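So the chains spell out like this:
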Amino acid sequence: MPEQSTAIVFTEHGGPEVLHPAQRDLPEPGPGQLRIRVKAAGVNPFDTKVRAGAFPSMPATYPAVPGSDVAGVVEAVGPDVTEFALGDEVLGTAATGSYATHTLATPGKLTAKPAELDWPTAAGLPGVATTAYRVLALLEVKAGETLLVDGAAGGVGTFVVQLARERGLTVIGTASEANHAYLRGLGTHPVRYGEGLIERVKELAPQGVDAALDLSGRGGLPTLLALTGGPDRVLTIADGQAADFGVRASWGGPAEEVPGALSDAVALVAAGKIKLPVSRTYPLTEAAAAHRASEDGHVRGKLVLLVD
């Protein structure tokens, strides 16, 4: 009988309750692949949307293993892999789902995990970091400009505001008042979202804002357009109605990737220049609870699954 591994799977779209542990054959790496013994897996809002059926064509097959962010140890190497060796500690993007004890990945989607990063931080990093690099590149922001981030206290927002500050931008971030001290600690000027936001932002930036990023997807695009003066430098990664406002939506993909983003981000976090708080960790078998927390919408930083 083939050696077994454990994965969290779902066989239909639905709420968090459709997630359950299952045994499967240990995945074997093919050419250009390696197998990772997972130590931790990041939980992202995108994972919950796929599970819930927000993208009807995803997953392509069942049973499906959620997750992409992964950190772990290289356990097996397929043909034609020269970048990593057995025992290397790595982090990056899984090819076969990260909510599992073992997963496959390609070397181009991984980078070495430095000793300065613990496993939860390493697992929480890939998606938010590469997204942050991507959106700042698409907005073409530069030092001296003012960036407004709508929904700044979550995982992506936490990284975006710090990366923008590292590049010399002034950052204004919307959040509930409970997260204002948190954002100030990241070098961001916090404002309360909701009615009157335009006036509150103008108090902080009388000269206006140069670019705006929507991370919340809660109908704030008209306000961002009013503050920037038009759609050219407004971007969303969360609002499916963006086209109705003439705003660009970025869902990722090879054409939008920023080369070297992950390794650059890892170096900044390892050096202490950017912080990535882990809000809470869960055992792998409690993935459903992690999805409920993610969908609650009040997560500060990252949620991470830990694998024994």
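Look a little higher up for the structure.
Residues numbered from 1 in each chain as written. Predicted model: local features only at pLDDT ≥ 70, side-chain atom pairs only at ≥ 80, totals over all residues. Heavy atoms only, no water.

Overview of the nonpolar core
Formed by 45 residues in total, the largest nonpolar core has its most connected members in Leu-125, Leu-147, Phe-159 and Val-160. Looking at which element gives the most residues to this core, the answer is helix α2 (residues 119–139), with ten residues. Dropping the residues within four chain positions of it, Val-160 is found in contact with Ala-132, Val-135, Leu-136, Leu-147, Val-149 and Leu-213. Within the second largest apolar cluster, 31 residues are counted, among which are Leu-19, Ile-36, Val-74 and Val-307. (Core = buried A, V, L, I, M, F, W, Y, C linked by side-chain atoms within 4.5 Å. Buried < 20%, exposed > 50% of the residue type's maximum accessible area, 1.4 Å probe, protein only. Helix = DSSP H or I, 4+ residues; strand = E, 2+ residues; numbered from the N terminus. Contact = heavy atoms within 4.5 Å.)

Quick word on helix α8 (residues 287–296)
Regarding α8, the residues found buried are Ala-287, Ala-288, Ala-290, His-291 and Ser-294. One side of α8 carries all its buried residues, which in axial view fall inside an arc of 160 degrees. Of the residues trailing α8, Gly-297 is marked for its positive phi of about 85 degrees. (Arc of directions from axis to C-beta.)

Structural notes on helix α1 (residues 45–52)
An α-helical turn contains 3.6 residues, so a residue and the one three or four places further along point in the same direction. Within the span of α1, buried status applies to Asp-47, Thr-48, Val-50 and Arg-51. Along the axis of α1, the buried residues cluster in a sector spanning 160 degrees; they form a single face. Buried residues in α1 make contact with β3 (34–43) and α8. Taken from the residues just after α1, Gly-53 is the one with a positive phi, measuring 95 degrees.

A word on unusual backbone geometry
A cis amide bond links Met-58 to the next residue, Pro-59, at an omega of -5 degrees. With respect to the helices and strands, Pro-59 occurs in the loop between α1 and β4 (69–77). A cis amide bond links Tyr-62 to the next residue, Pro-63, at an omega of -5 degrees. Summarising the element assignment, Pro-63 is placed in the loop between α1 and β4. One non-glycine residue, Glu-140, lies in positive phi territory at about 55 degrees. Along the chain, Glu-140 falls in the loop between α2 and β8 (146–150).

Remarks on the sheet that holds strand β12 (residues 234–236)
With respect to topology, six strands assemble into an open sheet ordered β10-β9-β8-β11-β12-β13, the strand pairing being parallel. Two strands close off the open sheet at either side, each with one partner strand: β10 (189–192) and β13 (248–249). Judged from the three bridges that link them, strand β11 (residues 211–214) and β12 form a sheet pairing that is parallel. Residue pairing in the sheet places Leu-213 in a bridge with Leu-235 of β12. Lying on the sheet, helix α5 (residues 197–204) is in contact with β8, β9 (170–175) and β10; it crosses β10 at an angle near 160 degrees. (Pairing = 2+ DSSP bridges. Axes fitted to C-alpha atoms, helices over the stretch in contact; angles between N-to-C directions.)

Focus: the pattern of salt bridges
Using the criterion set out here, one finds ten salt bridges in the structure. A salt bridge links Glu-295 to Arg-51, with the nearest nitrogen and oxygen atoms 2.7 Å apart. Of this pair, Glu-295 sits in helix α8 while Arg-51 sits in helix α1; the two residues are 244 residues apart in sequence, bridging distant segments of the chain. For Glu-295, a relative accessible area of 40% gives the class partly exposed. Residue classification places Arg-51 among the buried positions, given a relative accessible area of 2%. Across the salt bridge formed by Glu-177 and Arg-192, the nearest N and O atoms sit 3.5 Å from each other. Pair noted here: Glu-177 is in the loop between β9 and α4 (180–185) and Arg-192 is in strand β10, with a separation of 15 residues, a long-range link. When its relative accessible area of 54% is taken as the criterion, Glu-177 is described as exposed. (Salt bridge = Lys/Arg side-chain N within 4 Å of Asp/Glu carboxyl O.)

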